[in-house]
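Residues per chain are reported as follows:
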Amino acid sequence: ALATSVWLVLFGAAWLVLLVPLRDGPPPVPTRPATWAALVGLAVLCTGVSQPLWNAGLRTLGAARASLFVNLEPTFGVLLGVLVLGEPVSTGLLVGAPLVLAAAVLAALDGHADPDTFGSDDLIVEAASAEGGTVAEPLPDTEDDAHPIG
């Protein structure tokens, strides 16, 4: 999983290096050390640390449960913008943030989901097989069958 994440980041960066100059011309090269420190911080913390943590979450929770957290990212990004950067609070934030949080909580606490299959990658493999697809390699088993949520 880590190798896949690394290739995805490198592939995305390569496309940006090729396409951004075509659209906007060559980007300015930062000259201040603080700017370079911020860029390195983004690369190391936001990508280098978060991707292995995300992959560990996928292994622990399964894809279905872990996917709930993807929906929280924009909400927390906007909330941090308000708290850290002083962005204005909008009506959309006041209405949307509670809806996204409520949806994630309801999905995580869904009483109708079978705890033995909810969050199981076997469902994804079955769905792919039903559509004629295959899985490149077997999915790793978790250390135990217990799910920490539910």
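Definitions and cut-offs
- Residues numbered from 1 in each chain as written.
- Predicted model: local features only at pLDDT ≥ 70, side-chain atom pairs only at ≥ 80, totals over all residues.
- Heavy atoms only, no water.
- Helix = DSSP H or I, 4+ residues; strand = E, 2+ residues; numbered from the N terminus.
- Buried < 20%, exposed > 50% of the residue type's maximum accessible area, 1.4 Å probe, protein only.
- Contact = heavy atoms within 4.5 Å.
- Areas by Shrake-Rupley, 256 points an atom, 1.4 Å probe, with all protein chains shown as cover.
- Patch = residues over 30% accessible without salt bridge, like charges linked within 9 Å, V, L, I, M, F, W, Y side chains within 5 Å.
- Salt bridge = Lys/Arg side-chain N within 4 Å of Asp/Glu carboxyl O.
- Phe/Tyr/Trp six-rings, centres within 6.5 Å; stacked < 30°, edge-to-face > 60°.
- Expected span 1.5 Å × (residues − 1).
- Axes fitted to C-alpha atoms, helices over the stretch in contact; angles between N-to-C directions.
- Parallel < 35°, antiparallel > 145°, perpendicular 65-115°, else oblique.
- Left-handed = near helix turned anticlockwise from the far one by under 90°.
- Nonpolar A, V, L, I, M, F, W, Y, C, P; charged D, E, K, R; others polar.
- pLDDT = per-residue confidence, 0-100.

So, on to the overall build of the protein chain. Per the secondary structure count, the protein chain includes six helices and zero strands. Listing the helices and strands of the protein chain from first to last along the sequence gives α-α-α-α-α-α. Classification of the 150 residues of the protein chain by burial places 12% in the buried group. Relative to all contacts within the protein chain whose residues are 6 or more apart in sequence, the contacts with residues 24 or more apart total 63%. Summed over all atoms, the accessible surface of the protein chain reaches about 11500 Å², with 70% contributed by carbon and sulfur.

Once that is clear, we can look at a nonpolar patch on the surface. Taken together, Phe11, Trp15, Leu18, Leu19 and Leu22 make up a surface patch of nonpolar side chains, about 580 Å² in accessible area. In this structure, Trp15 sits in helix α1 (residues 2-24).

Relative to the elements of secondary structure, Pro74 occurs in helix α4 (residues 72-85). Taking the C-alpha atoms as reference points, Pro74 and Ala97, 23 residues apart in sequence, are found 9.0 Å from one another.

Here we take up the pattern of salt bridges. All chains considered together, the criterion is met by one salt bridge. Asp24 is paired through a salt bridge with Arg23; the nearest N and O atoms lie 3.5 Å apart. Neither residue differs from the other here; Asp24 and Arg23 are each classed as exposed.

This brings us to the packing of aromatic side chains. Applying the stated criterion across every chain, the model contains one aromatic pair. Ring geometry for Phe11 and Trp15: centres 6.1 Å apart, planes at 75°, overall edge-to-face. Taken as a pair, Phe11 and Trp15 lie in helix α1 at a separation of four residues, close to a single helical turn. The exposure class assigned to Trp15 is partly exposed, which follows from its relative accessible area of 42%.

On to the side chain of Thr75. As for its position among the elements, Thr75 is in helix α4. Discounting residues that sit within four places of it in the chain, Thr75 has contacts with Ala97 and Val100.

Our next topic: α1. With 23 residues, α1 ought to run about 33 Å at 1.5 Å a step, and its terminal C-alpha atoms sit 32 Å apart, in line with that. Immediately downstream of α1, the backbone of Gly25 shows phi near 85°, a positive value.

Axis separation between α1 and helix α2 (residues 33-61) bottoms out at 10 Å; the angle between their running directions is 140°. As far as their axial angle goes, α2 and α1 are oblique. As α1 runs across α2, the sense of the crossing is right-handed. Only Thr47, Gln51, Pro52 and Asn55 of α2 make contact with α1, whose side of the interface consists of Leu2, Ser5 and Val9. Of the residues assigned to the contact of α1 with α2, the class counts are three nonpolar, four polar and no charged.

Moving on, we come to the confidence of the model for the protein chain. Close inspection of predicted coordinates is inappropriate in any region flagged by low pLDDT. For the protein chain, mean pLDDT is 78; residues scoring 70 or higher make up 72% of the total. Mean pLDDT per element in the protein chain: helix α6 (residues 121-130) is the minimum at 64, and α4 is the maximum at 89. Ignoring residues within four places in sequence, the model shows residues 145-150, a span with pLDDT below 50, making eleven contacts including any to other chains.

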